[in-house]
Amino acid sequence: MSVSTAGKPCPAIMIQGTGSNVGKSLIVAGLCRLFANRGVNVRPFKPQNMSNNAAVTADGGEIGRAQALQAMGCRVPPSVHMNPVLLKPETDTGAQVIVQGKRFGTMRAREYGKQKAELLPKVMESFSITGSGADLVIVEGAGSPAEINLRSGDIANMGFAEAAGLPVILCADIDRGGVIASVVGTHAVLEPHEQQRIRGFFINRFRGDPGLFDEGMREICRRTGWLGLGVVPWFADAAKLPAEDALGLADGLGRDGLKIVVPVISRIANFDDLDPLRLEPGVTLELVQPGHPLPGDADVVLLPGSKSTIGDLAFFRAQGWDIDLAAHHRRGGHVLGICGGYQMLGRTISDPEGIEGAPGTVDGLGLLDVDTLLTAEKSTVTASGTHLASGAPVSGYEIHIGRTTGADCRNPMMMLEGGCPDGAVSSDGRVSGTYIHGLFTHDAFRAAYLGSFGAGSDLAYDRSIDRILDALAAHLEEALDVDVCLILRVTTEYLEKVRKSPKFFGRWFYNAFRKPLPQPPQSQSAGPEVRRRRGLRVAPWKYPPPLPPFALKNSRSGR
């Protein structure tokens, strides 16, 4: 059992998944907001994450963007300890390793596999710090515990759950098909002690009437002995929340007005820069996939951030996008580069230390009169200032290596606090570059930038995300037995004390969550009317029945 810095056990539950992209991150964000709305002092935690979509904390560290959203769900500032290990892929076989917010090194997959167990003390330290003073910590796993080839030295799923002594709830995605096999198959490949650590499961992303899956829930319960916590219907507004994985990238919702085109490069990073633009009704945001040309009717081409600028510049050219971009500029089109995209727009990119590969210098796209020198020093800071062309306030963060200098830097795009210039603007004013991520989340800057092209904006982005989190919380409260999550949280701290209690509460508590449940009792298969007369829940696949609300602090009836 993990111990907090105050010497008390950290009350926590862990959400693991049957696979990647089954919705764990948004479920945790929604649960964080749900419990925060109940007055619970809740925190998110993810031991290990793999994503190039990072956020910068107030102290200048990096965490996964999903944990920043989850912190927003809790209504607390993000901390590096909410995601102590972050892997940022640079190639197909290697990644930059971030530990407690700072660059630890770059490792190939096999090398990291041998060393990850050595990071467990740092992970446990961050978990303890995150849980200190909290009522509840909701932990998110990575990938799936069914990936037993990665079990040795695991710090992301069952390895962490066992080290911290946590109960686990399994999330499965029905939208991709084969959901019964994915849950039962996960049970089949786990060791018996790992099977028992999973106390319940739920089905995510169900389209239609959830009652149609009652028989499926019964069958999963019968084959696994796990508690069915519910079926979560499809939540359409999930598409409006920031996506962590590039698999979640999608075109914008607008279909008229200003057309902004984004080439999807192979190591695209911090693509949540695009999220506010996706929600603008007066903007058509089009993501161009590899193998497709940049459309000729674009008003703006936006080059996003990259985890491997030189590699992505070669990838950009391999698609023929350099030719398309030059033609777009000749036609009078505008170009904006952010971070790695800004570096690509210059004349040259030099990497004398071989940080991104073989040492050397490559030609850039030549639309800005600047040159970039890549260095080992990494800048991860929050930033605020003014957009010089419009006078609008800006705020965001920097997360990059390299320094950019040149003639166009004398005409910066931004002036940051302290009188520090940022970025560059071409002599004709149609090509701009900046190192600041998160610009478009600032309503005033976004309105000013879009207004310069004749497009209006009345979107209050942060408030809209906050409303969606509240809606997601209500959605989950309707679909899941969330009180059982609180029971599981209590189990971690009070099991032994409660187990010995002669009261039915303690005995029920122990039997429900510490012993295998291979078969539901006969009463669970009774008809709805019989179950109502017996005071049981109508849904026949939920086993065992949850505790009555009066037995729980912060329950629905006790709010």
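None of these values were measured; they are calculated from a predicted model.

Thresholds applied
Residues numbered from 1 in each chain as written. Predicted model: local features only at pLDDT ≥ 70, side-chain atom pairs only at ≥ 80, totals over all residues. Heavy atoms only, no water. Core = buried A, V, L, I, M, F, W, Y, C linked by side-chain atoms within 4.5 Å. Buried < 20%, exposed > 50% of the residue type's maximum accessible area, 1.4 Å probe, protein only. Contact = heavy atoms within 4.5 Å. Salt bridge = Lys/Arg side-chain N within 4 Å of Asp/Glu carboxyl O. Helix = DSSP H or I, 4+ residues; strand = E, 2+ residues; numbered from the N terminus. Pairing = 2+ DSSP bridges. Phe/Tyr/Trp six-rings, centres within 6.5 Å; stacked < 30°, edge-to-face > 60°. Lys NZ or Arg CZ within 6 Å of the ring centre and 35° of its normal. Axes fitted to C-alpha atoms, helices over the stretch in contact; angles between N-to-C directions. Parallel < 35°, antiparallel > 145°, perpendicular 65-115°, else oblique. Nonpolar A, V, L, I, M, F, W, Y, C, P; charged D, E, K, R; others polar. Expected span 1.5 Å × (residues − 1). pLDDT = per-residue confidence, 0-100. Arc of directions from axis to C-beta.

Chemist: Sorry, what's going on with the nonpolar core here?
Modeler: Counting residues in hydrophobic clusters, the biggest one holds 56 residues, and the most contacted among them are Ile-260, Leu-302, Leu-303, Leu-325 and Leu-345. Setting aside its immediate chain neighbours within four residues, Leu-345 contacts Leu-303, Leu-325, Val-335, Leu-336, Gly-337, Leu-365, Gly-366, Leu-367, Leu-368, Val-431 and Ser-432.

Chemist: Looking at this structure, how should I read the pattern of salt bridges?
Modeler: Inspection of every chain in the model, using the stated rule, returns 27 salt bridges. For Glu-477, the salt bridge goes to Arg-38, with nearest N and O atoms at 2.7 Å. Here Glu-477 is found in helix α14 (residues 461-479), whereas its partner Arg-38 is found in the loop between α1 (24-37) and β2 (42-45), with 439 residues between them in sequence. Like Arg-38, Glu-477 is buried. With its nearest N and O atoms 2.6 Å apart, the salt bridge here joins Glu-62 to Lys-378. On the criterion of sequence distance, the pair formed by Glu-62 in strand β5 (residues 62-64) and Lys-378 in strand β21 (residues 371-387) is long-range, its members being 316 residues apart.

Chemist: Would you mind going over the pairing of strand β6 (residues 85-89) with me for this structure?
Modeler: Looking along a regular strand, one sees side chains alternate from face to face of the sheet. Across the five residues that make up β6, a large majority, five, are buried. As paired elements, strand β3 (residues 48-50) and β6 share three bridges and run parallel to each other. Bridging from a neighbouring strand, Gln-48 pairs with Val-85 of β6.

Chemist: Mind showing me how you'd approach the packing of aromatic side chains here?
Modeler: The relation between two aromatic rings is expressed through the spacing of the ring centres and the mutual angle of the planes. Per the counting criterion, the structure on display carries 11 aromatic pairs. Every member of this aromatic cluster is reached through a ring pair, and the members are Phe-440, Phe-445, Tyr-449 and Phe-453. Here the basic side chain of Arg-207 rests over the ring of Trp-234, its NZ or CZ set 3.6 Å away from the ring centre.

Chemist: When you look at the packing of α1 against α14 in this model, what are you seeing that I'm missing?
Modeler: For any two helices packed against each other, one specifies the inter-axial angle together with the distance between the axes. One way to put it is that α1 packs onto α14 with a least axis distance of 8 Å and a crossing angle of 90°. Taken together, the axis directions place α1 and α14 in an arrangement best described as roughly perpendicular. Across the interface between the two elements, Leu-26, Ile-27, Ala-29, Gly-30, Leu-31, Arg-33, Leu-34 and Asn-37 of α1 pack against Asp-466, Leu-469, Asp-470, Leu-472, Ala-473, Leu-476 and Glu-477 of α14. Classifying every residue of the contact of α1 with α14 gives nine nonpolar, two polar and four charged.

Chemist: I would appreciate a short explanation of the environment of Pro-352 in the present structure.
Modeler: By the element assignment, Pro-352 lies in the loop between β19 (348-351) and β20 (360-363). Remark: the alpha-carbon pair of Pro-352 and Thr-375, spanning 23 residues in sequence, is separated by 8.2 Å. Contact partners of Pro-352, with chain neighbours within four places excluded, come to Pro-359, Gly-360, Leu-373 and Leu-374.

Chemist: What should I look at first to understand α1 in this one?
Modeler: Working note: α-helix, 3.6 residues per turn, so residues spaced by three or four point in the same direction. With 14 residues, α1 extends 20 Å from end C-alpha to end C-alpha; this agrees with the ideal 20 Å at 1.5 Å per step. Among the 14 residues in α1, 12 count as buried, and that is most of the element. Taken together, the buried positions of α1 are Lys-24, Ser-25, Ile-27, Val-28, Ala-29, Gly-30, Leu-31, Cys-32, Arg-33, Leu-34, Phe-35 and Ala-36. After α1 finishes, the residue Gly-39 shows a positive phi value of roughly 90°.

Chemist: Any chance you could explain the environment of Asp-363 here in plain terms?
Modeler: If you trace the backbone, Asp-363 turns up in strand β20. When the C-alpha positions of Asp-363 and Gly-346 are compared, they lie 8.1 Å apart, and in sequence the two are 17 residues distant. Aside from chain neighbours lying at most four places away, what touches Asp-363 is Leu-313, Arg-317, Arg-347 and Thr-348.

Chemist: I'm lost on the pairing of strand β1 (residues 12-17) in this one. Help?
Modeler: With six of its six residues buried, β1 lies for the most part within the structure. With burial as the criterion, each face of β1 is covered, one bearing Ala-12, Met-14 and Gln-16 and the other bearing Ile-13, Ile-15 and Gly-17. Bridging between β1 and strand β9 (residues 136-140) involves four bridges; their strand directions are parallel. Bridge assignment links Ala-12 to a residue of β9, and that residue is Val-137.

Chemist: Would you take a moment to explain the sheet that holds β2 for this structure?
Modeler: Sheet strands line up and pair through hydrogen bonds in the backbone, either parallel or antiparallel. Reading across the sheet, the six strands line up as β2-β9-β1-β10-β11-β12 and stay open at both edges, with parallel pairing between neighbours. Looking along the sheet, the strands with just one partner apiece sit at the ends: β2 and β12 (227-233). Each strand of the sheet is rotated relative to its neighbour by a mean of 20°, with strand direction disregarded. Both strand β11 (residues 198-206) and β12 contribute to a ladder of five bridges, which runs parallel. Bridge pairing in β12 links Phe-206 to Pro-233. Packed on one face of the sheet, helix α4 (residues 120-131) meets β1, β2 and β9 and runs near 165° to β2.

Chemist: Any chance you could explain the confidence of the model for the protein here in plain terms?
Modeler: Interpreting fine coordinate detail is not advised for predicted regions of low pLDDT. On average, residues of the protein score 85 in pLDDT, and 82% of them are at 70 or above. A low-confidence stretch, residues 490-559 stays under pLDDT 50, and its non-local contacts, those more than four residues away or across chains, total 117 contacts.

Chemist: Would you mind showing me how to read helix α10 (residues 309-318) here?
Modeler: Taken together, the buried positions of α10 are occupied by Thr-309, Ile-310, Asp-312, Leu-313 and Phe-316. For α10, the buried positions fall inside an angular range of 165° around the axis, keeping them on one side. Downstream of α10 by one or two residues, Gly-320 has phi in the positive range, about 80°.

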